[in-house]
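Commentary on secondary and tertiary structure
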Amino acid sequence: MADVAADPLLDGECRVWWARPDQAPDDLLLAVVPEAEQRRAARYRQRLDRLRSLTGAWLLRTAVAALTGERPSDVLVDRTCADCGQQHGRPRLPAAVGIEVSVSHAGERVAVALTRLGEVGIDVEFAPLANHFDHELAENALSPQELSIVDRSDNPGMDFRQLWVRKEALLKATGHGLRIPMSRIEVSPATDPPALLAWPLDIPVDQVRLATLDPGPRHHAAVAVLTGQPMVVHELDAELLLWPEPD
Ligand SMILES: CC(C)(COP(=O)(O)OP(=O)(O)OC[C@H]1O[C@@H](n2cnc3c(N)ncnc32)[C@H](O)[C@@H]1OP(=O)(O)O)[C@@H](O)C(=O)NCCC(=O)NCCS
């Protein structure tokens, strides 16, 4: 493992790891990801969906292990769903570790965010066609004010996707996911620095940090953390974590 992967996670840091779905070899995925999660991934019919899910689980464990000194396969991840109790909800580490995590995968990107600042949500979306704009989806996901700004943009599809990833990152940080309609959250326009402007939750908007990420061409991504502290984001490539699981 490269030294930078084991750099201590600073108090004000949000570390984001990026992988491609095929970046880790199959034998490494199977050595690190527990059988229950392999079975969960096996439910996906498409091979690429299975790979994204397995790679997310591998990346999460390996990124945490780089910080804690454990073997990646020994990292404990609880995924209890708040609704039904099954292991398909937001991932959490034991409280004693003191690190919040989030996972997202789409297209050719798998992302894991880690921070000590507070609860975190990450979202990446894939845009096969740069100019595509689904107006009906935008009507459902945006407030009237946001929609009117996006409608006047030179590239409404791209601006809409920026707003979408900001909103989904926020909803993943709170753990609600899409249980709260995105249209009830108001974020800054795509051309402005990312910020939460209003939402229907008790958490004040100044207690939330948002950042735009750099997932590469044809992808959009954002990360949200529930904290009033300043936040510095570091993005790293999973290549730095590609070492075999020790015997
Ligand atoms: C969270 C949610 C928005 C993710 O949607 P998505 O765009 O398909 O997927 P992403 O790739 O961005 O994120 C998926 C990851 O989010 C994480 N996740 C799942 N539920 C989550 C939640 N409530 N909050 C935060 N993260 C969650 C998981 O790590 C998952 O990846 P994995 O299963 O491979 O580990 C969506 O699953 C959701 O709204 N969940 C809540 C509603 C729900 O499913 N309830 C279950 C009732 S039984």
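Please read all numbers here as calculations on a predicted model, not as lab measurements. (Residues numbered from 1 in each chain as written. Predicted model: local features only at pLDDT ≥ 70, side-chain atom pairs only at ≥ 80, totals over all residues. Heavy atoms only, no water.)

**Comments concerning the nonpolar core**
Within the largest apolar cluster, 32 residues are counted, with the highest numbers of intra-cluster contacts made by Trp17, Trp58, Leu59 and Leu114. Breaking this core down by element, the ones donating at least two residues are strand S1 (13-19), helix H1 (26-32), helix H3 (47-68), strand S2 (100-106) and strand S3 (109-115). No other element matches the ten residues that H3 contributes to this core. Those residues in contact with tryptophan 17 that sit more than four places away from it in its chain are Ala5, Leu59, Ala63, Val110, Ala111, Val112, Leu114, Leu236, Asp237, Ala238, Leu240 and Leu241. Grouped together as the second largest cluster of nonpolar side chains are 25 residues, Ala138, Leu163, Leu171 and Met182 included. (Core = buried A, V, L, I, M, F, W, Y, C linked by side-chain atoms within 4.5 Å. Buried < 20%, exposed > 50% of the residue type's maximum accessible area, 1.4 Å probe, protein only. Helix = DSSP H or I, 4+ residues; strand = E, 2+ residues; numbered from the N terminus. Contact = heavy atoms within 4.5 Å.)

**What to know about the domain arrangement of the protein**
Accessible area lost on assembly of the parts is the figure often given for the size of an interface. Taken domain by domain, the protein holds domain 1 (10-117 + 229-247) and domain 2 (127-208). The C-alpha centroid of domain 2 is placed 25 Å from the C-alpha centroid of domain 1. At the interface, six residues of domain 1 touch five residues of domain 2. Taken together, both faces of the contact between domain 1 and domain 2 bury some 370 Å²; the carbon and sulfur share is 24%. Area buried by domain 1 at its contact with domain 2 is led by Asp83, Arg90 and Ser102, which between them contribute 71% of it. Summed over the shared surface of domain 1 and domain 2, the number is one salt bridge. Here aspartate 83 ties to arginine 179 by a salt bridge, and the two come within 2.9 Å at their closest N and O atoms. (Domains from an automatic or database assignment. Buried area = accessible area lost by both parts, 1.4 Å probe. Salt bridge = Lys/Arg side-chain N within 4 Å of Asp/Glu carboxyl O.)

**Regarding the pattern of salt bridges**
Tallying each qualifying case throughout the model produces twelve salt bridges. The salt bridge involving arginine 90 is made with glutamate 119; its shortest N-O contact spans 3.6 Å. Taken together, the residues span a long stretch of sequence, with arginine 90 in the loop between H3 and S2 and glutamate 119 in the loop between S3 and strand S4 (120-126) at a distance of 29 residues. It is possible to trace a salt-bridge network through shared partners that takes in Arg90, Arg92, Glu100 and Glu119.

**Thoughts on the site of the ligand**
Among the 21 residues in the neighbourhood of the ligand, the closest are listed as Arg79, Ser104, His105, Lys172 and Leu178. Within the side chain of serine 104, one N or O atom sits 2.8 Å away from an oxygen atom of the ligand. Lysine 172 has a polar side-chain atom sitting 2.7 Å from an oxygen atom of the ligand. In isolation the ligand exposes 900 Å². Once the protein is present, 73% of that is buried. Elements with a contribution of two residues or more to the shell around the ligand: S2 and helix H6 (156-174). Of the residues forming the shell around the ligand, the biggest block, three residues, is contributed by S2. (Near = heavy atom within 4 Å. Polar contact = N/O pair within 3.5 Å; in protein donor to acceptor, adjacent residues only side chain to side chain. Areas by Shrake-Rupley, 256 points an atom, 1.4 Å probe, with all protein chains shown as cover.)

**A few points about H6**
In a regular helix each residue adds 1.5 Å, so 19 residues correspond to 27 Å; H6 covers 27 Å between its end C-alpha atoms and thus fits that length. Within H6, 17 of the 19 residues are buried, which leaves it mostly tucked inside the rest of the structure. The first or second residue beyond H6 is glycine 175, which carries a positive phi of 90°. (Expected span 1.5 Å × (residues − 1).)

**Here we look at the pairing of strand S8 (residues 219-225)**
The buried fraction of S8 is high, at seven of seven residues. Burial along S8 is two-sided: the residues His219, Ala221, Val223 and Val225 and His220, Ala222 and Ala224 are all buried. Here seven bridges tie S4 to S8, and the two strands are oriented antiparallel to one another. By the bridge assignment for S8, valine 120 is matched with valine 225. Bridging between strand S7 (residues 209-212) and S8 involves four bridges; their strand directions are antiparallel. From the neighbouring strand, arginine 209 faces S8, where its bridge partner is valine 225. Between S7 and S8, which pair antiparallel and follow one another directly, the connecting turn spans six residues, one of which, glycine 216, has a positive phi of 100°. (Pairing = 2+ DSSP bridges.)

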